[in-house]
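# Understanding the architecture of this molecule
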Amino acid sequence: MDIRVFETDAEVAAAVAGRVAEAIRARPTLVLGLAAGGTPVATYAELRARFAAGQVDFSHVTTFNIDEFAGIEPSHPGSFRQFMQVHFFSGVNIDPHRIHFLDGSAADLEVECDRYEKAIENAGGIDLQLLGIGTNGHIGFNEPGPALVARTHRVRLHAITRRENAALFSGDVSRVPREALTMGVGTIFRARAIAVVATGQRKAAAVARAVLGPITTHVPASLLQLHGRVELYLDRAAASRL
Ligand code: PGA
């Protein structure tokens, strides 16, 4: 893995935003994989600022978000779709038709997962995937366990994941959906390049297990060691156990 360590969260955000902007300059029709969550908020703010300054044009970019809660509408304030609207899409010129999202309110979630997998394929695959790491080592919503699923699928969220997403549901963990839809590890691995972002002390152990530990489904992020083009963007705190 190509590991890049920065002093602060802000420097990480600037580096990742720079990486994305550069990829779009090189390929204006970039297919960009996106992640919701607290970590990339600063990166999205940086990208909005660069767009406002006329430094990057998203008009031909296609996006695919990695995961979404099941059982809620895309318009629900706790959905990742709304999270992305607030933190990113509303501040840049992405064509709404090129924004792709899993719909956790679809009538048939298996059909919805198949649709998403095919949509990624039809777009020519993901060029650059932004990815976070959960404190439990998950990537997307691929939770640690004895086995992982390759394709986009429905998952049962771990208690810790639901707790860590409670802020999206007014801090009330009981309101966080118990299930979600997520790209599988195979879907994520077909991305031509993956930019993993982790910041803060609370991510240090998961980062160390992902980078230095054995490759195991009990730490889904450890599988990233097998992908030839992973860049890891860390601040000092998240890198402190390497
Ligand atoms: P976070 O989530 O950015 O909110 O820490 C990362 C993840 O769970 O993948």
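Attention here is on the structure that accompanies the text. Note that the structure is a prediction, hence the values are computed from the model and not measured.

This part takes up the pattern of salt bridges. Applying the stated rule across the entire model yields 15 salt bridges. Taking the shortest distance from any N to any O, the salt bridge between Arg 192 and Asp 127 comes out at 2.9 Å. You can see Arg 192 sitting in the loop between helix H6 (185-189) and strand E9 (193-198) and its partner Asp 127 sitting in the loop between helix H4 (109-122) and strand E6 (128-132), a full 65 residues away along the chain. Counted as one network, the salt bridges with shared partners bring together Glu 110, Arg 154, Arg 156 and Glu 179.

What follows deals with the packing of aromatic side chains. The final tally for this structure, using the stated rule, is 10 aromatic pairs. An aromatic cluster of at least three residues, connected via ring pairs, comprises Tyr 44, Phe 51, Phe 58, Phe 88 and Phe 89.

Close to the ligand lie Gly 37, Gly 38, Thr 39, Pro 40, Gly 132, Ile 133, Gly 134, His 138, Arg 202 and Lys 203, which account for all nearby residues. The backbone of Gly 38 places a nitrogen or oxygen atom 2.8 Å from an oxygen atom of the ligand. The side chain of Arg 202 places a nitrogen or oxygen atom 3.1 Å from an oxygen atom of the ligand. About the coverage of the ligand: the protein hides 81% of its 280 Å² of free accessible area. Judged by its atoms lying within 2 Å of the grid points, the ligand is housed in the largest pocket. When the residues that make up the shell around the ligand are grouped by side-chain class, the tally is two nonpolar, six polar and two charged.

This next bit is on unusual backbone geometry. Within the chain, Ser 170 stands out as a residue other than glycine whose phi angle is a positive 55 degrees. Position of Ser 170 among the secondary structure elements: in the loop between helix H5 (159-164) and strand E8 (179-182). Note on Ser 170: relative accessible area 60%, which makes it exposed.

Estimated volume of the largest pocket: approximately 490 Å³. Taken together, 26 residues line the largest pocket, and the ones lying closest to its centre are Ala 36, Gly 37, Gly 38, His 138 and Asn 165. Mapped by element, the contributors of at least two residues to the lining of the largest pocket are helix H3 (80-87), E6 and H5. Counted by class, the lining of the largest pocket contains 12 nonpolar, 10 polar and four charged residues.

Bridge count for strand E4 (residues 67-69) against E8 is three bridges, and the pairing is antiparallel. By the bridge assignment for E8, Phe 69 is matched with Ala 180. When strand E7 (residues 153-156) meets E8, the two strands line up antiparallel, connected through four bridges. Residue Arg 156 lies in a different strand from E8, and its bridge partner there is Glu 179.

The subject of this paragraph is the sheet that holds E7. Strand order across the open sheet formed by three strands is E4-E8-E7, with antiparallel pairing between neighbours. Strands at the two margins of the open sheet, each flanked by one partner only, are E4 and E7. Mean inter-strand twist for the sheet, computed between neighbouring axes without regard to direction, equals 30 degrees. Packing of H4 onto the sheet brings it into contact with E7 and E8, and relative to E7 it is tilted by some 125 degrees.

Procedures and definitions
Residues numbered from 1 in each chain as written. Predicted model: local features only at pLDDT ≥ 70, side-chain atom pairs only at ≥ 80, totals over all residues. Heavy atoms only, no water. Salt bridge = Lys/Arg side-chain N within 4 Å of Asp/Glu carboxyl O. Helix = DSSP H or I, 4+ residues; strand = E, 2+ residues; numbered from the N terminus. Phe/Tyr/Trp six-rings, centres within 6.5 Å; stacked < 30°, edge-to-face > 60°. Near = heavy atom within 4 Å. Polar contact = N/O pair within 3.5 Å; in protein donor to acceptor, adjacent residues only side chain to side chain. Areas by Shrake-Rupley, 256 points an atom, 1.4 Å probe, with all protein chains shown as cover. 1 Å grid on protein atoms, 1.4 Å probe; cavity = no way out; pocket = protein on both sides within 12 Å on 5 of 7 lines; lining within 4 Å. Sits in = over half its atoms within 2 Å of the grid points. Nonpolar A, V, L, I, M, F, W, Y, C, P; charged D, E, K, R; others polar. Buried < 20%, exposed > 50% of the residue type's maximum accessible area, 1.4 Å probe, protein only. Points joined across faces, edges and corners; volume = space filled by probe spheres on them. Pairing = 2+ DSSP bridges. Axes fitted to C-alpha atoms, helices over the stretch in contact; angles between N-to-C directions. Contact = heavy atoms within 4.5 Å.

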